[in-house]
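Each chain, letter by letter, is given below.
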Amino acid sequence: MNLILISSLFTIVFSGNIEQTVLRGIPTSLLPKYTLAKTFLCLDGSSTIPFEFVNDDYCDCRDGSDEPGTSACPNGRFFCENKGYIGTIIPSHFVGDGVCDCCDGTDEYETKIVCNNTCFELAQKTRAEREARRALHAAGVAKKLEIISKSVLIKSDREARLRELEEGLQKVEDELKGKEELKQQAEAPENEAKDKHQKLWEEQRAVREAIARDNQMHEMFAELDANNDSLVSIEELQKHTELDSDHENEFTVEEVRLILGADSVNFDEFNVTVFDQISNSYKKLSEQSSETPVDHADVAATTEAQLDQIQAEADEETSAGEDEYEHEEEQHDITTPVATSLEHEKHIHDDTVPEYDDETKKLIQLADHARNEYNEVEGRVQDIKRQIDDLKRQSDVDTGPHGEYSAFIDQCYDYEEREYTYRICMFKDAKQISKGGGSDVTIGYWEGWTGPENNKYLKMKYANGATCWNGPARSLTVTFQCGTEHKPIDVREPTRCEYSMIFETPSACDERIATATMHQEHEEF
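Remember, predicted model here, so these are calculated numbers, not experimental data.

Caption draft 1: Summary view of the side chain of Lys183. As for its placement among the helices and strands, Lys183 is situated in helix α2 (residues 119-224). Those residues within four positions of Lys183 in sequence are excluded, and the remaining contacts are Ala370, Arg371 and Tyr374.

Caption draft 2: Broad picture of the nonpolar core. Within the largest apolar cluster, 24 residues are counted, with the highest numbers of intra-cluster contacts made by Ile424, Met426, Leu476, Val478, Phe480 and Phe503. Contributions of two or more residues to this core are made by β9 (412-416), β10 (420-425), β12 (441-449), β13 (459-464), β14 (475-482) and β16 (498-505). Once residues within four sequence positions are removed from consideration, Ile424 is found in contact with Gln411, Cys412, Tyr413, Asp429, Ala430, Tyr462, Leu476, Val478, Met501 and Phe503. Membership of the second largest hydrophobic core comes to 18 residues, among which are Met220, Leu237, Phe251 and Phe270.

Caption draft 3: Inspection of the UniProt feature "domain: EF-hand" (unreviewed entry) in the protein chain at higher detail. Residues annotated in UniProt with the feature "domain: EF-hand" (unreviewed entry) correspond here to residues 212-247. Taken end to end, residues 212-247 is 50% helix and 6% strand, and its two terminal C-alpha atoms sit 29 Å from one another.

Caption draft 4: Local environment of the layout of surface pockets. As a volume, the largest pocket reaches approximately 360 Å³. In terms of lining residues, the largest pocket is bounded by 20 residues, among which Lys144, Asn455, Ala508, Cys509 and Asp510 are the most central. Breaking the lining of the largest pocket down by element, the ones donating at least two residues are α2, β14 and α10 (511-514). The residue inventory of the lining of the largest pocket, partitioned by class, reads nine nonpolar, six polar and five charged.

Caption draft 5: Expanded view of the side chain of Ser406. Following the sequence through the fold, Ser406 ends up in the loop between α9 (358-396) and β9. Classification of Ser406 as buried rests on a relative accessible area of 16%. Among the polar contacts listed, one links the side chain of Ser406 to the backbone oxygen of Gly403, at a separation of 2.8 Å. Each residue touching Ser406, except ones within four places of it in the same chain, is listed here: Ile147, Ser151 and Thr399.

Caption draft 6: Summary view of the state of the cysteines. For the coordinates displayed, the defined rule picks out eight disulfides. Across a sulfur-sulfur distance of 1.9 Å, Cys100 and Cys115 are joined as a disulfide pair. One quick way to see it: the torsion about the S-S bond of Cys100 and Cys115 is about -85 degrees, and its sign makes the bridge left-handed. Of this pair, Cys100 sits in the loop between β6 (88-91) and α2 while Cys115 sits in the loop between β6 and α2, and the two are 15 residues apart along the sequence. Among the residues examined, Cys115 registers a relative accessible area of 18% and is labelled buried. In this model Cys103 forms its disulfide with Cys119; the gap between the sulfur atoms is 1.9 Å.

Caption draft 7: Highlighting the packing of aromatic side chains. Under the definition given, this model contains 22 aromatic pairs. Taking 5.3 Å as the distance between ring centres and 80 degrees as the angle between the ring planes, the aromatic pair formed by Tyr413 and Phe503 counts as edge-to-face. Of the two residues, Tyr413 is situated in strand β9 and Phe503 in strand β16; the sequence distance between them amounts to 90 residues. Note on Phe503: relative accessible area 0%, which makes it buried. An aromatic cluster is present here, built from Tyr405, Phe408, Tyr413, Phe427, Trp446, Trp449, Tyr457, Tyr462, Phe480 and Phe503 joined pairwise through their rings. Directly above the ring of Tyr109 sits Arg24, whose terminal nitrogen or CZ lies 4.5 Å from the centroid.

Caption draft 8: Focus on the pairing of β13. With five bridges joining them, β12 and β13 adopt antiparallel strand pairing. By the bridge assignment, Trp449 is partnered in β13 with Met460. In terms of strand pairing, β13 meets β14 through four bridges, oriented antiparallel. When the sheet's bridge partners are listed, Lys459 is paired in β14 with Thr479.

Caption draft 9: Layout of helix α4 (residues 253-260). Residues of α4 that are buried include every one of Val256, Ile259 and Leu260, and no others. Down the axis of α4, the buried side of the element spans an arc of 95 degrees, and every buried residue falls inside it. With respect to the buried face of α4, the exposed residues turned more than 90 degrees away are Glu254 and Leu258. Where α4 is buried, its residues contact β7 (232-233), α3 (234-238), β8 (264-265) and α5 (267-278).

Caption draft 10: How the structure looks around the sheet that holds strand β11 (residues 429-434). The strand order β9-β10-β11-β12-β13-β14-β16-β15 describes an open sheet built from eight strands, whose pairing is mixed. On the outer flanks of this sheet lie β9 and β15 (487-495), each paired with one strand and no other. Pairs of neighbouring strands in the sheet enclose a mean axial angle of 25 degrees, with direction left out of account. By the bridge criterion, five bridges tie β9 to β10 in an arrangement that is antiparallel. Considered in β10, the bridge of Tyr415 is made with Tyr422.

Caption draft 11: Representation of the environment of Phe270 within the structure. By the secondary structure assignment, Phe270 is in helix α5. Exposure remark for Phe270: the relative accessible area of 0% places this residue in the buried category. Sequence separation between Phe270 and Phe221 is 49 residues, and the spatial gap between their C-alpha atoms is 7.7 Å. When sequence neighbours within four positions are dropped, the list of residues in contact with Phe270 reads Met217, Met220, Phe221, Leu224, Val232, Val265, Phe275 and Ile278.

Caption draft 12: How the structure looks around α5. With twelve residues, α5 ought to run about 16 Å at 1.5 Å a step, yet its terminal C-alpha atoms sit only 15 Å apart, falling short of that. Against α2, β7, α3, α4 and β8 lie the buried residues of α5. For α5, the N-terminal capping position is held by Asn266, with its side-chain oxygen 3.3 Å away from the main-chain nitrogen of Asp268.

Cut-offs and rules
Residues numbered from 1 in each chain as written. Predicted model: local features only at pLDDT ≥ 70, side-chain atom pairs only at ≥ 80, totals over all residues. Heavy atoms only, no water. Helix = DSSP H or I, 4+ residues; strand = E, 2+ residues; numbered from the N terminus. Contact = heavy atoms within 4.5 Å. Core = buried A, V, L, I, M, F, W, Y, C linked by side-chain atoms within 4.5 Å. Buried < 20%, exposed > 50% of the residue type's maximum accessible area, 1.4 Å probe, protein only. UniProt positions renumbered as here; feature names shortened; annotations may be inferred. 1 Å grid on protein atoms, 1.4 Å probe; cavity = no way out; pocket = protein on both sides within 12 Å on 5 of 7 lines; lining within 4 Å. Points joined across faces, edges and corners; volume = space filled by probe spheres on them. Nonpolar A, V, L, I, M, F, W, Y, C, P; charged D, E, K, R; others polar. Polar contact = N/O pair within 3.5 Å; in protein donor to acceptor, adjacent residues only side chain to side chain. Disulfide = S-S within 2.5 Å. Phe/Tyr/Trp six-rings, centres within 6.5 Å; stacked < 30°, edge-to-face > 60°. Lys NZ or Arg CZ within 6 Å of the ring centre and 35° of its normal. Pairing = 2+ DSSP bridges. Arc of directions from axis to C-beta. Axes fitted to C-alpha atoms, helices over the stretch in contact; angles between N-to-C directions. Expected span 1.5 Å × (residues − 1).

The following block contains the structure:
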């Protein structure tokens, strides 16, 4: 029985006169640890056992290293040699379980299961996959080198353009200063003429308002003075119950006296203390009053006289200021603006500002022309500054150690799925666009490269996007892999509000993979 067990766990090899015993399930690198001797030291150093305990189908070492060829130890490991393919390690409890786990079938040496050796077919398939991968990287690297070559030229052109714009900016800014001075010179007389026009209109409007108030006050006093004694008494005002502020009780003598400030008031007192208190609430009595009618002809005459006086004063101010504009008259070949009549007959009941006189209009036209020229040059200044800022921003972008990601600058790419379009604008932002309508959702803003330490340019991060409802801010991680075109091929949301994108690009292709030889691949097998 012992002889049969030993023969099943060991392979006896005869080389000349030398007999060698090879243990099953042991990697070549560990064979020196299993040299036939009186004792065996467990690989973790925990204990030493007699060598005949190795592969005796009983677990003696804590790390299971004494049973590489049996399933006795739950933590044991069995090495599949897989000649012609890649050696693999499987859990030792897979040994003898009736399932062919090693492509050479060595894990089922104790069973009656016949395992076909599939190592050659697997090796052929792996070689084909590796060759396809190598060809993909070779094609991608060729495009990557083109991108790098173009990036050198683009960088040189950008620097030259930046110098050109910065030199041109100084000239245009000097031109803008000159246009600003001309604008200020044109706006000074314009503003003065407009101010005079506005002031005259406001004075005339004040006169109209004063006359209207005076007319209303005369009519109100005459209507209240029922006995024509040139006084308004408590009894006369008490008839107007609409002036009762509380509107709940009767309009008492005390309340009326509080308004009048006395038992009766004359016209002047009424004007000073009473009119403004009651003018908004006052209503005429339904019966005819016995007031003395107002002479509207006298009122109109008064209005004419007051407006003529204001116009005359304005004319005097204009005449006194003619010398002030003498220089501007020579420069613009026009006369100094004189504020003319504002047609008070037409506008006496009109609160709309009348249009400017001809001389003021000419000044406005000259100022508009100066402003337009200034605005045109200012627009050129702003445009140049924007171009400079864009070029500097592009220069500051980290496009890889050799500029291999420079083709991404100012480029956006879309990935379509059933409900959304995902749009990533490189080095800027990423958005989720609903196909059913509604506003776009910002997934994140460009934060930086976040790949592994050996190549940080294999991943980039977009962070601080729109906040999820009752959740965190959205973010996106982009993982790059080799491809012959720039395109996203997958977008997912593995965790809430955290998106991941797989993006193919020649910029991620690896020169080492592209130049790998079949001989190197054979060595791995």
